[in-house]
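# Topology and contacts: notes
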Amino acid sequence: MASASLGISTISVYRRLRVAVLSTGSELLSYKASRDESGHIRDSNGPYLRAALRQLGFDATTLGIVEDDHREFEEIIRKALATGRHYAFITTGAVSVGKLDFVEEGLLNLDATIRFHRVAVRPKYPVLFALVPSDERKLGSEQHVPFLCLPGNPMATVVCFHFLTISYLRFLHDQREEAPIHAQLNSTDPASPSTSIIFRKTDHLRVFWHGTLN
């Protein structure tokens with residue numbers, strides 16, 4: 001209405017950033033699965049990330065769940081990259097240094113450049129950021145596609161997504177950074193004001209605590 005009243009017929013806009021989400025783990029089932037097999041758990045990270053991305057204004061698509069097999073992982077990523085649809089990828093799980101943590105190996109086999117692997121935060125510091133060569137014909141001037149590989153633990157996924165991934169996606173989308181909320185930490189137990197609350201952490205870690213903002 002405002003544009004029309006001023007005689008403005010065209011405006012410049014940004015295309016929604018298209019982000020692909022992939023969960024890893026042979027133990028995972030779709031959250032819609034009706035069966036409850038022994039040793040299996042339903043994927044909660046994938047649905048959370050898709051919902052959170054869409055709430056932030058991004059187009060989020062799912063690549064499903066991949067088992068603990070770097071070859072299958074590489075094939076899924078190759079096919080997704082070939083479409084030229086996705087401007088960023090987010091994966092969860094298989095990003096630590098265990099025997100079945102294959103994401104780094106799979107990305108290196110795709111000629112990725114690992115920018116960093118592990119951040120000194122708790123919960124869960126094994127988060128990885130990499131750039132994978134793209135098909136320039138389909139992504140314009142972009143030569144690489146960013147991969148943000150988060151831990152598989154749901155709470156760690158939330159922390160790393162909120163404090164690391166969102167800031168980067170906002171940067172890609174030319175959005176302003178989220179303004180922090182500054183709060184005073186209460187050092188005593190509200191139920192017993194004479195009792196001090198003791199917080200202990202390892203010196204080199206940035207730790208995120210559970211709390212309630214009043």
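Data block above holds the structure.
This text gives an overview of the structure that appears in the document. (Residues numbered from 1 in each chain as written. Predicted model: local features only at pLDDT ≥ 70, side-chain atom pairs only at ≥ 80, totals over all residues. Heavy atoms only, no water.)

### Some remarks on the packing of helix α2 (residues 45–55) against helix α5 (residues 154–172)
- In the contact formed by α2 and α5, the axes pass within 11 Å of each other and the chain directions differ by 30 degrees. Here α5 runs roughly parallel to α2, going by the angle between their axes. Viewed along their axes, α2 and α5 form a crossing whose handedness is right-handed. On α5, the residues that touch N45, Y48, L49, A52 and L53 of α2 are P154, T157, V158, F161 and L169.
- Residue classes in the contact of α2 with α5 are distributed as 8 nonpolar, 2 polar and no charged. (Axes fitted to C-alpha atoms, helices over the stretch in contact; angles between N-to-C directions. Helix = DSSP H or I, 4+ residues; strand = E, 2+ residues; numbered from the N terminus. Parallel < 35°, antiparallel > 145°, perpendicular 65-115°, else oblique. Left-handed = near helix turned anticlockwise from the far one by under 90°. Contact = heavy atoms within 4.5 Å. Nonpolar A, V, L, I, M, F, W, Y, C, P; charged D, E, K, R; others polar.)

### Thoughts on the side chain of R50
- Among the structural elements, R50 can be located in helix α2.
- The side chain of R50 sits in the buried core without any salt bridge; D43 is the nearest counter-charge, 5.4 Å away.
- If we skip the residues at most four places from it in the chain, R50 touches V21, Y31, A60, T61 and T62. (Buried < 20%, exposed > 50% of the residue type's maximum accessible area, 1.4 Å probe, protein only. Lys, Arg positive; Asp, Glu negative; His and termini not counted. Salt bridge = Lys/Arg side-chain N within 4 Å of Asp/Glu carboxyl O.)

### Quick notes on the pairing of strand β5 (residues 88–92)
- Of all 5 residues in β5, 5 are buried, a share of seventy percent or more.
- On β5, burial covers both faces: A88, I90 and T92 on one face and F89 and T91 on the other are all buried.
- Where strand β1 (residues 18–24) meets β5, 5 bridges bridge the pair, whose relative direction is parallel. The partner of V19 across the bridge, within β5, is A88.
- Relative to strand β9 (residues 144–150), β5 is paired through 4 bridges, and the arrangement is parallel. Bridge assignment links T91 to a residue of β9, and that residue is C149. (Pairing = 2+ DSSP bridges.)

### What about α5?
- If you look at α5, its biggest bend is around 45 degrees, right at F161.
- Buried within α5 we find A156, T157, V159, C160, F161, T165, I166, L169 and R170.
- Those residues of α5 that are buried lie in contact with β1, α2, β5 and β9.
- Near the N-terminus of α5, the side chain that reaches the backbone nitrogen of M155, with its oxygen 3.0 Å away, is that of N153.
- Of the residues one or two after α5, D174 is the one with positive phi, at around 55 degrees. (Bend = angle between axes of the 7 residues up to and from the residue. Polar contact = N/O pair within 3.5 Å; in protein donor to acceptor, adjacent residues only side chain to side chain.)

### A look at the sheet that holds β1
- Taken together, 6 strands build an open sheet; the order of strands is β4-β1-β5-β9-β8-β6 and the sheet is mixed. Of all the strands in the sheet, the pair left with one neighbour each is β4 (59–66) and β6 (113–117). Direction aside, the axes of adjacent strands within the sheet are offset by 20 degrees on average.
- With 6 bridges joining them, strand β8 (residues 128–133) and β9 adopt antiparallel strand pairing. Bridge pairing links F129 to L148 in β9.
- Those strands touched by α5 are β1, β5, β8 and β9, and its axis lies near 165 degrees from that of β9.

### Observations regarding the pattern of salt bridges
- Summed over the entire model, instances satisfying the criterion amount to 3 salt bridges.
- A salt bridge links R71 to D69, with the shortest nitrogen-to-oxygen separation between them at 3.7 Å.
- The class for R71 is exposed, based on a relative accessible area of 58%.
- By relative accessible area, which is 25% here, D69 ends up partly exposed.
- Between E74 and R78 there is a salt bridge, with the nearest N and O atoms lying 3.9 Å from each other. In this pair, E74 and R78 are both assigned in helix α3 (residues 70–83), 4 residues apart and thus about one turn of the helix distant.

### Considerations on a nonpolar patch on the surface
- A contiguous nonpolar patch, built from L6, I8, I11 and V13 and spanning about 450 Å² of accessible area, is present on the exposed surface.
- Its place among the elements puts V13 in the loop between α1 (2–5) and β1.
- By relative accessible area, which is 66% here, V13 ends up exposed. (Patch = residues over 30% accessible without salt bridge, like charges linked within 9 Å, V, L, I, M, F, W, Y side chains within 5 Å. Areas by Shrake-Rupley, 256 points an atom, 1.4 Å probe, with all protein chains shown as cover.)

That's the geometry; what it means functionally is another story.
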